[in-house]
Structure formats: structure tokens, C-alpha cells
Amino acid sequence: MHHDGIDAAPAPPAAGWRRLLARDADEVAAGPWAAEPGRRGVEEAESAYVSGFNAALSRDAGALPALLDGLPRERWTFACEGAGAASAVLDLLTLSRGRRLRALLSGPAARHHHAVHLGAGRGYALLRLPPMRGACRGHPLLRWLAVDGYGFQRGLEAGVRLLHERAMPGLLTRARCATFDQGLGRLLWHHERAAAEPVADRVAGFPAGRRGDLWAGVAYAATRTGGATGEELALLAERAGADGYRSCLAQGCAFASMAVVREAALLGPAVLAAPILAGAEPEEAAAWADRALLALGHDARTHDDYLAWQAETRRAWSHRHRLG
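These numbers were taken from a predicted model, which means no experiment stands behind them.

*Asks:* Whenever I open this one, the overall build of the protein confuses me. Can you help?
*Replies:* Within the protein, the regular secondary structure consists of 16 helices and zero strands. The buried share of the protein, reckoned over its 324 residues, is 55%. At a minimum sequence separation of 6, the contacts of the protein that also span at least 24 residues come to 74%.

*Asks:* Mind showing me how you'd approach helix α14 (residues 268-277) here?
*Replies:* Spacing of three or four residues puts side chains on the same side of an α-helix, whose turn is 3.6 residues. The set of residues buried in α14 consists of Ala 270, Ala 273, Ala 274 and Leu 277. Buried residues in α14, looked at end-on, bunch into an arc of 105°, giving them a common side. Residues of α14 that are buried sit in contact with α11 (208-224), α12 (230-242), α13 (246-262) and α15 (282-295). Trailing α14 by a residue or two, Gly 279 shows a phi angle of about 70°, which is positive.

*Asks:* Looking at this structure, how should I read the side chain of Thr 77?
*Replies:* Summarising the element assignment, Thr 77 is placed in helix α4 (residues 76-94). With residues up to four places along the chain from it excluded, the contact list for Thr 77 reads His 112, Ala 115, Arg 224 and Glu 263.

*Asks:* Where do I start with empty space enclosed by the protein in this structure?
*Replies:* Which parts of space are left empty comes out when a probe the size of a water molecule is rolled across the atoms. Overall, the coordinates contain three cavities of 30 Å³ or more when judged by the stated rule. When its volume is computed, the largest cavity comes out at roughly 150 Å³. For the largest cavity, the lining is made up of 19 residues, of which Phe 78, Glu 81, Leu 118, Arg 186 and Thr 225 are closest to its centre. For the lining of the largest cavity, the secondary-structure elements that each account for two or more residues are α2 (40-57), α4, α6 (113-126), α9 (174-191) and α11. With four residues, the single largest contributor to the lining of the largest cavity is α6. Split by residue class, the lining of the largest cavity holds nine nonpolar, four polar and six charged. Viewed by domain, the lining of the largest cavity spans two of them, domain 1 (8-138) and domain 2 (176-323), each represented by three or more residues. Lining the second largest cavity are Leu 145, Asp 148, Gln 182, Arg 186, Ala 216, Gly 217, Tyr 220, Gln 251, Gly 252, Phe 255 and Tyr 306. Breaking the lining of the second largest cavity down by element, the ones donating at least two residues are α7 (145-158), α9, α11 and α13.

Conventions and cut-offs
Residues numbered from 1 in each chain as written. Predicted model: local features only at pLDDT ≥ 70, side-chain atom pairs only at ≥ 80, totals over all residues. Heavy atoms only, no water. Helix = DSSP H or I, 4+ residues; strand = E, 2+ residues; numbered from the N terminus. Buried < 20%, exposed > 50% of the residue type's maximum accessible area, 1.4 Å probe, protein only. Contact = heavy atoms within 4.5 Å. Arc of directions from axis to C-beta. 1 Å grid on protein atoms, 1.4 Å probe; cavity = no way out; pocket = protein on both sides within 12 Å on 5 of 7 lines; lining within 4 Å. Points joined across faces, edges and corners; volume = space filled by probe spheres on them. Nonpolar A, V, L, I, M, F, W, Y, C, P; charged D, E, K, R; others polar. Domains from an automatic or database assignment.

Right, dumping it as C-alpha cells:
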């Protein structure tokens, strides 16, 4: 039975050396997303992430399912993201060639592949390892979300250098830096506690060549995590449009809508955000991303294919609004 709070029964504590990897739940309250009135969505998401991370460290195979059963359904995806991060860390430390990630993707997180791949990237960042080829042995294209997750976690840890000085990590190719920036855009949403105007101001401070990917990440978080009002979402759409990146905002929303629809958990944030950020209901926005993925064919797996998937989704939005 799911309850309405954000705290679930704790997972069995990790044993042995795994205890050194466990995350402290208190770090959420001390983080940049500490709760403000009406802004609990961001804090709740990160709290579920920490719970999922610790559950995946447990040797008890039922720890994560038990945790999910104690969380509101809309927080499952964030717990699965945390489990993806912990599974990636354990796979890397034990040289198990992705065994835990594969078990997670085929088991309790079977409907949450987007979240697990994002989490895997966060796991790589925790170990200061770049999420290059083979970083996540999962879906051939969703695995590139690991670069997005890496950008989120590196931004969280580097803080001033990446968010204020707008530095870029030197270990990524130019193309992968674009996906890194999507993760950084998601972090901006969390860092500014889902407050649209400060987020838009942050994006505006970056070089023009980076802002489209940042806007896509902002939209993904606004759609998936929520926390903003309709008026604030409209401000995001206005600012992204004035910046020349309205299609990027819609694409990030479409990708988040695709994740939500596949999770069969179409709840508040996406229902509110998609009509404003994408100009369509979540199911239609998700269908743009689905059709763009199908158009790439069965052999799509490279990072260029991933970028083409995004570009085709942007074209679908542009076509929809030309016809409209």
C-alpha cells in the first residue's frame, strides 16, 4: 500500500564495504533543493533517489521492490534513478560488466529505463569516471542518457565551477558535451527549486551555443519533476522562445513525456507541463519522440543517432505548430 508521504521504510542496511557507499538522507535537506513552500517536488524527488540508491546497495533482493511499495507511485522513477546509480557503482567496483544494471532493467525497474540510464550516469560521476562507450549496458540509444545523468551529478558536485563559471569538463567530446548540458539543465531546475525566472536567468548566462541543450534539460525536469505553476511554465516557454530555442524546450518535454507514458504513471507534472511547454497533451508529445525513435531503425545506437532522435523530435514539434 502506498502512502502520501515522502519517507518509506528504510532498506536493510548495506553490509561490509558497501556501507561506505551509502548516502545520508540528511544530505537532501542540506542540498540546494531544500524545501520551500510549494516547492516540495524537487526535494521529494531527490529524497526518493537517495532511498533507491541505498536500497540497491543492500544484498536483499527484495529491498528495492519493498521500497517502491512504500513510496507514492510518482516517486518510483526517482528511486529507480538512485538504484541505477548504485548499480552502476557496484558494477564498476566489482568488474561485473553491467550485471546489476541489467538485472535492474529487467526486474523492478522494467518500466523505468529512462531513469535507470540517467542514474547510471550519476554513478559514473560519483566515481569520477566519464560515461563513455559501454557506460551503461542497456538500451542502445537510452544508454546515452548516462551522459545526461553524468552532467547532472558533475554539476551538483562541481557547483560554482560549472553553474557560475560555466566551465565544461575537458574529458568529453563536443557532441557529448551537448548531452552533458541537458543534465546540467535538469540540475538548474533542481538548484533553483523549480523557480522559473531564476532558471531562465541562469540559462541566459551561458554561451548561445549551449543554451538549446540547457533548455531541453530544464523542460525535462519541469515535466518530470514538476514544482512550478502554470504561469511559471508559460514564462519558461516565453523565455525559451525569445532565446530562439522554443523547439528545444518542446523536445525536452517530449522526452520526459515519453518516459512518463512508458511508466504508466501519467500524473500531475506532465499533465500540467506538456500543454504549455510542448503545446500538446503528454501522450501526443510522447508520440513525437516514439515516432522519431522508430524512424531511426533497429540499428540506431551511436551518439549521432541519439542526437538525430532529438532533432527529429524537434522537427515533429515544428511541423505540428506550423499546421496548427
